Amino acid sequence: MKALKQIREKLEELSLEGGIFFKPENRYYVSGFTGSTGYALVLKDKAYFITDFRYISQVKEECPDFEILEISTSKTLGDVLEELNLNSLGFEDDFMTVEGLQTLKKSYSGQLVAMKRFIENIRQIKREDEILLMKKAQSIADETFSYMLDFIKPGMSEREVYLELVTQLTQRGAQGESFKAIVASGVRGALPHGSATEKIIEKGDLLTLDFGCVYQGYCSDMTRTICVGKASEKQKEIYHVVLKAQKEALKAIKPGAICKDIDKVARDIITEAGYGENFGHGLGHAVGLEVHENPRLNMVDESILKAGMVVTDEPGIYIPGFGGVRIEDIILVTETGSEILSTSNKELIELEV
Ligand code: ZN
Ligand code: ZN
């Protein structure tokens, strides 16, 4: 697989004989395996895939660079590792359970070393082929949004809109949602993470749709807030503050920029407009095989953006008893600046109803 060289360099740096990966996103990244059970073991000059009989033929197909080692009820992962005579092995300390580690130690006598999210760190910089898949995932979401603008009518429930959204994403080729979509209308828009309810969408409601899909393992993520009918002055005012914050932060996204500085660009605009208290979350996050990855664009993350990272820019204003607005784009950091992957219109859309 494409990542093996980088992983081996990192193992060398940590003086480890090998690393074992079984967090699903990492395992897929390392080996290409899409099944649910198995361990990718990367050594200096060999790679093994350890799994049980159910997945043998799938591994043969999906992981041609990996030699298969079979485990069963009578032969554990620890037994297999012990037979390989490995003195030191890295494991995913942020994913393995205490119980899993204890079981492993019962039969494996070598040293076990925490890898501290090292694959996640490699994953921060997307390769060209990964970027293409993310673009595809986002284009499915953009097409779906455009369809939804014709579909949404006052009198529908948020749940009806949610179900149609998921159907449309799937019909356009998505494996599924990258997270449970947020459909929040009217006063419910004040909940940044309001999932769809039976609430009826009424004429004059602001409606926030925050959704994404998965395409060949890769996630998309976008938010648009629209008005179902003509927007009031107050709704327009809030929308334009969020839009200005979103656009200015967008200009700050480029290689070399510090994450927390980008958050500050948006936060300052919202605060100056008098809504600082109503923007209670970070500006954005990286996206990839997982919908929420590092780095984070928030008030504390001092990571430096690099070409190949994909991040979101999603400021919002939430007013209890009134409603809310969030606008989110997904952006690729390029060598010279940035490229917005989400193409949907983000000027205020007032549906004709
Ligand atoms: Zn989102
Ligand atoms: Zn997001």
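You'll find the structure just up there.
The rules behind these values
- Residues numbered from 1 in each chain as written.
- Chains lettered and ligands numbered in written order.
- Predicted model: local features only at pLDDT ≥ 70, side-chain atom pairs only at ≥ 80, totals over all residues.
- Heavy atoms only, no water.
- Phe/Tyr/Trp six-rings, centres within 6.5 Å; stacked < 30°, edge-to-face > 60°.
- Helix = DSSP H or I, 4+ residues; strand = E, 2+ residues; numbered from the N terminus.
- Buried < 20%, exposed > 50% of the residue type's maximum accessible area, 1.4 Å probe, protein only.
- Lys NZ or Arg CZ within 6 Å of the ring centre and 35° of its normal.
- Salt bridge = Lys/Arg side-chain N within 4 Å of Asp/Glu carboxyl O.
- Donors = N, O, S within 2.8 Å, 3.2 Å for Na, K, Ca; no water.
- Tetrahedral: all angles 85-135°; square planar, octahedral: opposite > 155°, others 65-115°.
- Pairing = 2+ DSSP bridges.
- Right-handed = clockwise from strand over helix to strand, strands pointing away.
- Disulfide = S-S within 2.5 Å.
- Axes fitted to C-alpha atoms, helices over the stretch in contact; angles between N-to-C directions.
- Parallel < 35°, antiparallel > 145°, perpendicular 65-115°, else oblique.
- Left-handed = near helix turned anticlockwise from the far one by under 90°.
- Contact = heavy atoms within 4.5 Å.

Visitor: Help me get a handle on the packing of aromatic side chains, residues and values and all.
Guide: Throughout the structure, instances matching the rule amount to seven aromatic pairs. When the ring of Phe49 is compared with that of Phe66, the centres are 6.4 Å apart and the planes differ by 75°; the resulting orientation is edge-to-face. Separated by 17 residues along the polypeptide, Phe49 in strand S3 (residues 47-51) and Phe66 in the loop between helix H3 (56-62) and strand S4 (67-70) bring together distant segments of the chain. Accessibility classification places Phe49 together with Phe66 in one group, the buried group. Every member of this aromatic cluster is reached through a ring pair, and the members are Phe33, Phe49, Tyr55 and Phe66. Looking at Lys136, its charged tip hangs above the ring of Tyr215, at a distance of 5.7 Å from the centre.

Visitor: Before we move on, could you go through the pattern of salt bridges and cite the residues and values that matter?
Guide: Per the counting criterion, the structure on display carries 28 salt bridges. Residue Asp129 pairs with Arg127 through a salt bridge whose shortest N-O separation is 3.0 Å. Here Asp129 falls in the partly exposed class, since its relative accessible area comes to 30%. In this structure, Asp263 and Arg267 form a salt bridge, with 2.7 Å as the shortest nitrogen-oxygen distance. Of the two residues, Asp263 and Arg267 both sit in helix H10 (residues 259-272), four residues apart, roughly one turn of that helix. Because the salt bridges share partners, they merge into one network encompassing Lys23, Glu120, Arg123, Lys126, Glu290 and Glu293.

Visitor: Tell me about the coordination of the zinc ion (ligand 2), and name the residues and values.
Guide: Bound to the zinc ion (ligand 2) are the protein donor atoms Asp221 (OD), His285 (NE2), Glu314 (OE) and Glu328 (OE), situated 2.1 Å from the metal. Classification of the site at the zinc ion (ligand 2) rests on its four donor atoms, whose angles at the metal span 77 to 150°, yielding the label irregular. As a motif over one chain, the donors of the zinc ion (ligand 2) read D-x63-H-x28-E-x13-E. Here the zinc ion (ligand 2) and the zinc ion (ligand 1) are spaced 3.1 Å apart, and both take Asp221 as a donor. Taken as a pair, Asp221 in the loop between strand S11 (218-219) and strand S12 (222-227) and His285 in strand S13 (residues 284-286) lie far apart in primary sequence, 64 residues in all.

Visitor: Quick rundown of the coordination of the zinc ion (ligand 1)? Include the residues and the values.
Guide: By definition of the ideal shapes, a tetrahedral metal site with four donors has angles of 109.5 degrees and an octahedral site with six donors has angles of 90 or 180 degrees. The protein atoms that coordinate the zinc ion (ligand 1) are Asp210 (OD), Asp210 (OD), Asp221 (OD) and Glu328 (OE), at distances spanning 2.0 to 2.8 Å. Around the zinc ion (ligand 1) sit four donor atoms; with metal-centred angles ranging over 52 to 153°, the donor geometry is irregular. Sequence positions of the residues that donate to the zinc ion (ligand 1) give the spacing D-x10-D-x106-E.

Visitor: Give me the lowdown on the pairing of S3, citing residues and values where you can.
Guide: Counting buried residues in S3 gives five out of five residues, a clear majority hidden from the surface. Every second residue of S3 is oriented toward a common face, with Ala47, Phe49 and Thr51 on one face and Tyr48 and Ile50 on the other, all of them buried. Where strand S2 (residues 39-43) folds back onto S3 in an antiparallel hairpin, the turn is made up of three residues. In this structure, S3 lies alongside S4, joined through four bridges in parallel fashion. Bridged to Thr51 within S4 is Glu70. Of the crossover connections in this fold, the one passing from S3 over H3 to the parallel S4 is right-handed.

Visitor: Any chance you could break down the state of the cysteines for me, citing the residues and the numbers?
Guide: For the structure on display, the rule yields zero disulfides. Unpaired in terms of disulfides, Cys259 finds its nearest cysteine sulfur in Cys219, a separation of 19 Å. Taking the relative accessible area as the measure of exposure, Cys259 reaches 0% and is therefore buried.

Visitor: Break down the packing of helix H7 (residues 128-151) against helix H8 (residues 158-171) for me, citing the residues and quoting the values.
Guide: Between H7 and H8, whose axes approach to 9 Å, the crossing angle comes to 140°. The angle between H7 and H8 falls in the class oblique. Taken as a pair, H7 and H8 cross one another with a handedness that is right-handed. Only Glu160, Val161, Glu164, Leu165, Gln168 and Leu169 of H8 make contact with H7, whose side of the interface consists of Ile140, Ala141, Thr144, Tyr147, Met148 and Phe151.

As far as function goes, none of this settles anything; it's purely spatial.
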